[in-house]
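# Secondary and tertiary structure notes
Spelled out from the first residue to the last, the chains are:
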Amino acid sequence: MKRVGIVIAVVLAVFFLFRACGNSPEESARDIVKEFIENIRDEEGTEAVKLLYPPFRDALVQDVKLPIQLTEMKPSQILACALSSMGENIKKVRVLDSTKIDEKHVEVLVKVIDRDGVEKIFTFIVIKDEKTWKIASISGIK
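The model shown is predicted, which means the values in this text are computed figures rather than measured ones. The numbering scheme is per chain: residues are counted from 1 as the chain's sequence reads. The predicted nature of this model means local features are confined to residues of pLDDT at least 70 and side-chain atom pairs, given and counted, to a pLDDT of 80 or more, with totals for whole chains, interfaces and linings taken over all residues. Values shown for side chains rest on all heavy atoms present in the structure; no hydrogens or waters enter the calculation.

### Considering the pattern of salt bridges
As a reminder of what qualifies: For salt bridges, the criterion is a side-chain nitrogen of Lys or Arg within 4 Å of an Asp or Glu carboxyl oxygen. Burial status follows relative accessibility: with a 1.4 Å probe on protein chains alone, a residue under 20% of its type maximum counts as buried, one over 50% as exposed, and anything between as partly exposed.
According to the stated counting rule, one finds four salt bridges in the structure shown. Here Glu47 ties to Lys50 by a salt bridge, and the two come within 3.1 Å at their closest N and O atoms. Lys50 sits in the partly exposed class, given a relative accessible area of 47%. Measuring nitrogen to oxygen at the nearest pair gives 3.3 Å for the salt bridge that ties Arg57 to Asp58.

If you want it as structure tokens, here you go:
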């Protein structure tokens, strides 16, 4: 009976040790990229924008150009609308690889297949901003 108690104690100790260590930087970065794409697919652009590193978000906002402003919207709301509209065309997403660049940066490689069957590969650079991970860059690979 004592032996069973010791085994259970050791198993619990190992479980809590691994739980305390948390995810590796690569896993955390992959999770953020998956959440970002999930938000886009679910047409939750506002939630997707929250996962962007502020300087990157601001740079994207500057690239969004509208010929006429129909309503008073904050630039981040316009970006959220643009991201939401992209989601309906995504058919399949697969994380191909993630590589730790340094303690605060991870590169995540993602394959996206659209509804027409066109495959595109994207590189996401994810940065640790204080305690959270944010997407700092998205670029396509040709």
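Resuming the write-up.
### Description of the side chain of Thr123
Cut-off, in case you're wondering: Runs of H or I in DSSP of at least four residues are treated as helices and runs of E of at least two as strands, each being numbered from the N terminus.
Tracing the chain through its elements places Thr123 in strand E3 (residues 119–129). By relative accessible area, which is 9% here, Thr123 ends up buried.

### Quick notes on unusual backbone geometry
Residues other than glycine seldom take positive phi values, yet Glu43 does so here, at roughly 60°. Mapped onto the elements, Glu43 comes out in the loop between helix H2 (25–41) and helix H3 (45–49). Notably, Glu130 is not glycine yet its phi reads approximately 60°, a positive angle. Looking at the secondary structure, you find Glu130 in the loop between E3 and strand E4 (132–141).

### Thoughts on the nonpolar core
Note the following rule: Put simply, a nonpolar core is a bunch of buried Ala, Val, Leu, Ile, Met, Phe, Trp, Tyr and Cys residues held in one set by side-chain atoms that sit within 4.5 Å of each other. Contacts between residues were defined by any pair of non-hydrogen atoms, one from each residue, lying within 4.5 Å.
Phe36, Val108, Phe124, Val126 and Ile135 are the most contacted members of the largest nonpolar core, which totals 24 residues. At the level of secondary structure, the elements contributing two or more residues to this core comprise H2, H3, helix H4 (54–63), helix H5 (75–86), strand E2 (105–114), E3 and E4. Take this core: its biggest share by element is six residues, from H2. Other than its neighbours up to four places away in sequence, Val108 contacts Ala29, Arg30, Val33, Val95, Asp97, Ser98, Phe122, Thr123, Phe124 and Val126.

### Describing the sheet that holds E4
Stated precisely, the cut-off is as follows: DSSP calls a pair of strands paired once it identifies at least 2 bridges connecting them. In this analysis, axes come from line fits to C-alpha atoms, helices being fitted only over the stretch in contact, and the angle between any two N-to-C directions falls in the range 0 to 180 degrees.
An order of E1-E2-E3-E4 is seen for the four strands of this open sheet, with the pairing classed as antiparallel. Taken across any chain shown, the strands that pair with only one partner, and hence form the sheet edges, are strand E1 (90–102) and E4. Across the sheet, the mean angle separating the axes of adjacent strands is 25° when strand polarity is ignored. Examined bridge by bridge, E1 and E2 share ten bridges and lie antiparallel to one another. In the strand pairing of E2, Asp97 is matched with Leu109.

### What to know about the pairing of E2
Within a regular strand, the side chains alternate between the two sheet faces. Along E2, seven of the ten residues are buried, which leaves the element largely enclosed by surrounding structure. Linking two consecutive strands that pair antiparallel, namely E1 and E2, is a turn of two residues. Looking at chain direction, E2 and E3 are connected through nine bridges and run antiparallel. Paired with Val108 across the two strands is Phe124, which belongs to E3. The antiparallel hairpin formed by E2 and E3 contains four residues in its connecting segment, where Gly117 sits at a positive phi of about 85°.

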